[in-house]
Amino acid sequence: MSIDLSGLSAKELGALIKNAKKRQTVVAKRPAITKVRAQLNKLLKSSGYTVEEVFGSEAPARGRVAKAAKAPAKKAVRKLGKVAPKYRNPANPKETWTGRGKQPRWLAAHTTKGKKLEDFLIKK
């Protein structure tokens, strides 16, 4: 974790130091994690439980906070099938459009000049 100290005023730096010292005393008063882990294992053993039964299939990661919940699964996206093109550019026959989504630039340019969309329909 890094904090950009260059933009802080003297008052803000003082408050930051004060908060850091408070946090330091709180952390220093806590017992060592190895001692807490040993007490927890002893309590679980005397109660007849295992770490896996209490915390799930895996024990909590050492030195890290276990995530409360996994990220939600992504929604399934409906796949649309391929659609045959309906419109073709007369100037460049390789440029086509299915009629779905935003109009391509070539078609928008022609329609703003006054041509109708039906003029570009592909004849079947």
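Up top you'll find the structure we're talking about.
This one's a predicted model, so the numbers in the text were calculated from it and none came from an experiment.

**Quick look at the overall build of the protein chain**
Thought 1: When its secondary structure is counted, the protein chain shows four helices and two strands.
Thought 2: Along the protein chain, from the amino end to the carboxyl end, the secondary structure elements read α-α-α-β-β-α.
Thought 3: For the protein chain, buried positions account for 7% of its 124 residues.
Thought 4: Expressed as a percentage of contacts within the protein chain between residues at least 6 apart in sequence, the contacts between residues at least 24 apart total 21%.
Thought 5: As displayed, the protein chain offers around 11,900 Å² of accessible surface, 57% of which is attributable to carbon and sulfur atoms.

**Here's the deal with a nonpolar patch on the surface**
Thought 1: Taken together, the side chains of Leu40, Tyr49, Val54 and Phe55 define a hydrophobic patch exposed on the protein surface, amounting to about 370 Å² of accessible area.
Thought 2: Position of Leu40 relative to the elements: it lies in helix α2 (residues 33-47).

**Side note on the nonpolar core**
Thought 1: Formed by Tyr87, Trp97, Trp106, Leu107 and Phe120, the largest nonpolar core amounts to five residues.
Thought 2: With residues up to four places along the chain from it excluded, the contact list for Trp97 reads Pro85, Lys86, Tyr87, Lys102, Gln103, Pro104, Trp106, Leu107 and Leu117.

**Focus: the packing of aromatic side chains**
Thought 1: For the structure shown, the criterion picks out two aromatic pairs.
Thought 2: Each ring, one from Trp106 and one from Phe120, has its centre 6.0 Å from the other, and the planes form 70°; the classification is edge-to-face. In this pair, Trp106 is assigned in helix α4 (residues 105-112) and Phe120 in the segment after α4, connecting sequence segments 14 residues apart. Each member of the pair, Trp106 as well as Phe120, carries the same accessibility label: buried.

**Section: a positive patch on the surface**
Thought 1: On the surface, Arg78, Lys86, Arg100 and Lys124 cluster together into a patch of positive charge.
Thought 2: Within the secondary structure, Lys124 sits in the segment after α4.
Thought 3: Residue classification places Lys124 among the exposed residues on the basis of a relative accessible area of 93%.

Parameters and conventions
- Residues numbered from 1 in each chain as written.
- Predicted model: local features only at pLDDT ≥ 70, side-chain atom pairs only at ≥ 80, totals over all residues.
- Heavy atoms only, no water.
- Helix = DSSP H or I, 4+ residues; strand = E, 2+ residues; numbered from the N terminus.
- Buried < 20%, exposed > 50% of the residue type's maximum accessible area, 1.4 Å probe, protein only.
- Contact = heavy atoms within 4.5 Å.
- Areas by Shrake-Rupley, 256 points an atom, 1.4 Å probe, with all protein chains shown as cover.
- Patch = residues over 30% accessible without salt bridge, like charges linked within 9 Å, V, L, I, M, F, W, Y side chains within 5 Å.
- Salt bridge = Lys/Arg side-chain N within 4 Å of Asp/Glu carboxyl O.
- Core = buried A, V, L, I, M, F, W, Y, C linked by side-chain atoms within 4.5 Å.
- Phe/Tyr/Trp six-rings, centres within 6.5 Å; stacked < 30°, edge-to-face > 60°.
- Lys, Arg positive; Asp, Glu negative; His and termini not counted.
- Charge placed at Lys NZ, Arg CZ, Asp CG, Glu CD.

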